[in-house]
Amino acid sequence: MVDIQFLGLLNATLQAATLLFIASLGELITEKSGILNLGVEGMISVGAVAGFMTAVNTNNIFLAIVVGVLSSAIFASIHAIVTVTLKQDQTVSGLILTILGLAVSSLLGKNYVGRKLETKLESLFSIENPSNVLEVFLNQNIIFYLAIIFTITISYILKNTMFGTRFQAVGEDSKAADSMGLNVTKTQFIATCIGGAFAGLSGVYLTLSYVPYWTDNMTAGRGWIALALVIFGGWKPYRTAIGALLFGFLEALVPRLQTYGFELNPYIVKITPYIITILVLVLLTIYKGGKTGAPKNIGIPFFRENR
Amino acid sequence: MQISMILVWLWQVLVNKYTLSKRQVVNELSTFYSFLAGFLIALIIGSVILLIQDKSPSDTFSLMFKLSIGSVNSLSSSLNKATPLILAGLGIAIINTVKLWNIGAEGQIFMGAIGVNLIYINFQFSNSTSFIFILLVSSFLGGAFCILIPAVTKVLFGVNEIITTLLTNYIVIGLTIYLVNGPWKDPESLNFPAAAYVGKEVYLPNIFGKLSYGFLICMLLTAFAHYLKNNSVFGYEMRIAGGSEMTAIYAGINAKQKAFFAMLIGGGFAGLAGGVELLSQTHRVSTGISQGFGYTAIIVAAITGMRPIGIFLVGSLFGALSIGGSVIQTIGVSTYIADIIQASTLFGALIIQFFFNYQLKRVDDG
């Protein structure tokens, strides 16, 4: 018999980790192509509100997921147009994408604050009270399993296929990739939109399952933690997943410490995930001594000189 | 179908007949023109959003105009609102001289206000002018303290400063919420958690009407930041340090030291924004010290290409926009319109800037 508290903690860990991980997987794909997109927070927010609005109005969860994912992908295409097509500064564009995304989602979601969701995203196999570890894993919703499938396939594609190698070549040395005959602009553009789509999926997970309601700024910095996770994972899907589980565990553990007999100030508890993120980032950078495994071309716009 | 065929044909013509090339000489005023064009694009986007919401754009914008710069009083409030924006924007620009980003201005603003209150409740000075001065200095130190960890870890270990400065925002705002609900909670403010008001003797006085002396401080610091960035030895060294590592070594410039001090000074500027805001506007620590000034300041700094004088002008305009945005709530228009206009201005400017930096050239296919 496994402790019921432990199962609750495990369940919360998996949910928090899924939310962070999907967004960071999308950012990983974008960054692998050499484009830095700091707009994750904004993209998650747009996906979250779009999915929530669709779910409230149509009661169709599947449609809500599709709309959330697509709207974030379209939103990310702003970044793609500005940085890939028009070769402007990626840091500036990404930051403003976050600000714009938060403002747009607040504007759209104004009339949806406090609205209740009739049908939330249910778990795939409905198990009433999970009594062992396996049942907790089976009690997750579809996005959790999608995350596992994505991790395996993306890792396989990047490592073992010609397509994956070519894709990474674009991010490592876009000039060389270009002279090999690869379409750098197209690859980067699509990769940025895919990153947006993943952030949208993460946003949908947030409003349809994790906390099934909408308020302003409900992403609460998760987009930035997702960005830190990509660095943490050294731009590798499996390590990013481990990082997400670690952060998910911390996010799940800290509010529960009280039940384990620790007296904590609730206001201080709220800021611990951010402190831990900084701490982990610092320790990791020291440990790796600057060799982070970042794609070499990240942040540098590709421009083919005159032929 | 036919439209898509035309588009495909157009694309082929462009790709085959034209090629992109970098302009050798970029127009000196390109940033300014891009800003104007971007602002126009943003106004169009804002109008479209208003039309979707069944509101008249011309009525809304003229109301925003009237209530933000239409009278001396409203102009003063706009400039007061612009003050923290400009100060935080200057801080971002100073740090960007060494090619680093400060996304933590929002947290530094709060830390500046916390610094003021910390000194205020622990010390008393009889001379109110010197007390105000000491409080402003402590807000500067508060902002600098806030960026200390990102600065140290960046300089010593190369930790990504974008993420660390951003995360400090959440930490400092969390700390503020803790303070105003716990140790500093004013029992007299029942529903709204806030610290006690500071005494009238440390209020920043008004120059005339509603316009606070904070704006004068802001003007002086704009001039100082301009001098620091463009004319001082330190500014020159910062630019070298932010440029090439090898050049800095050959020139005997300690790049890490410059980066460290640039970050502390920049953080201090943003902290000062919080101090001025507290002493001239809110008069107490609460979560209302900043309404996203630190984030808007990023737009202001980036749109001007990190030029202090430009930050002063665009910051003033955006301050007016924020005031306009908050008053149009009364006619049922969301305040987020102002945020969207500000962010769209930058996107519009980035798009226009492209045409200043690159040109389409016809391919000579003989």
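In this text the structure is predicted, and so the values were computed from the model without any measurement. (Residues numbered from 1 in each chain as written. Chains lettered and ligands numbered in written order. Predicted model: local features only at pLDDT ≥ 70, side-chain atom pairs only at ≥ 80, totals over all residues.)

Where do I start with the environment of B:V72 in this structure?
Residue and element names in this part refer to chain B. The residue V72 is located in helix α4 (residues 72–96) in this model. Classification of V72 by C-beta neighbours within 10 Å gives exposed; the count is 11. The spatial distance from the C-alpha of V72 to the C-alpha of Q257 is 45 Å, given a sequence separation of 185 residues. (Helix = DSSP H or I, 4+ residues; strand = E, 2+ residues; numbered from the N terminus. Buried ≥ 20, exposed ≤ 12 C-beta atoms within 10 Å, placed from the backbone.)

So what exactly am I meant to see when it comes to the interface of chain B and chain A here?
It is common to give the size of an interface as the accessible area lost on bringing the parts into contact. With 38 residues of chain B at the interface, the matching set in chain A holds 38 residues. Looking at the side of chain B that touches chain A, the elements that each hand over two or more residues are β1 (18–22), α7 (148–157), α8 (161–181), α13 (293–303) and α15 (336–357) of chain B. Top element by residues in the side of chain B that touches chain A is α8(B). It accounts for 12 residues. Its residues assigned to classes, the side of chain B that touches chain A shows 26 nonpolar, 11 polar and one charged. (Contact = placed C-beta atoms within 7 Å. Nonpolar A, V, L, I, M, F, W, Y, C, P; charged D, E, K, R; others polar.)

Just to check I follow, could you spell out helix α3 (residues 57–69) of chain B for this structure?
Helical periodicity: at 3.6 residues per turn, an α-helix aligns residues three or four positions apart in one direction. Residue and element names in this part refer to chain B. When the terminal C-alpha atoms of α3 are compared, their 18 Å separation across 13 residues agrees well with the 18 Å that a helix rising 1.5 Å per residue should span. Buried residues of α3: M64, L67, S68 and I69, and no others. The buried residues of α3 all sit within an arc of 165 degrees when viewed along its axis, so they share a single face. Facing away from the buried side of α3 by over 90 degrees, the exposed positions are S58 and S62. Contacts made by the buried residues of α3 are with α4 and α14 (308–327). (Expected span 1.5 Å × (residues − 1). Arc of directions from axis to C-beta.)

What's the story with the packing of α4(B) against helix α9 (residues 213–230) of chain B in this structure? I'm lost.
Helix packing for two helices is described by the angle between their axes and how far apart those axes are. All names here are of chain B. Two numbers describe how α4 lies on α9: the axes approach to 9 Å, and their chain directions differ by 20 degrees. The angle between α4 and α9 places the two elements in the roughly parallel class. Judged by the twist between their axes, the crossing of α4 over α9 is left-handed. Of α9, the residues touching α4 (which contributes L79, N80, T83, I86, L87, L90, A93 and I94) are G214, F215, C218, L221, T222, A225, L228 and K229. (Axes fitted to C-alpha atoms, helices over the stretch in contact; angles between N-to-C directions. Parallel < 35°, antiparallel > 145°, perpendicular 65-115°, else oblique. Left-handed = near helix turned anticlockwise from the far one by under 90°.)

Before we go on, may I ask you to explain the environment of B:I114 in this structure?
Residue and element names in this part refer to chain B. Positionally, I114 belongs in helix α5 (residues 105–122). Taking the C-beta count within 10 Å as the criterion, I114 has 29 such neighbours and is therefore assigned buried. Through-space distance from the C-alpha of I114 to that of L179 is 9.0 Å; in sequence the pair is 65 residues apart. Among all residues touching I114, those that are not within four sequence positions of it are G142, T176, L179 and V285.

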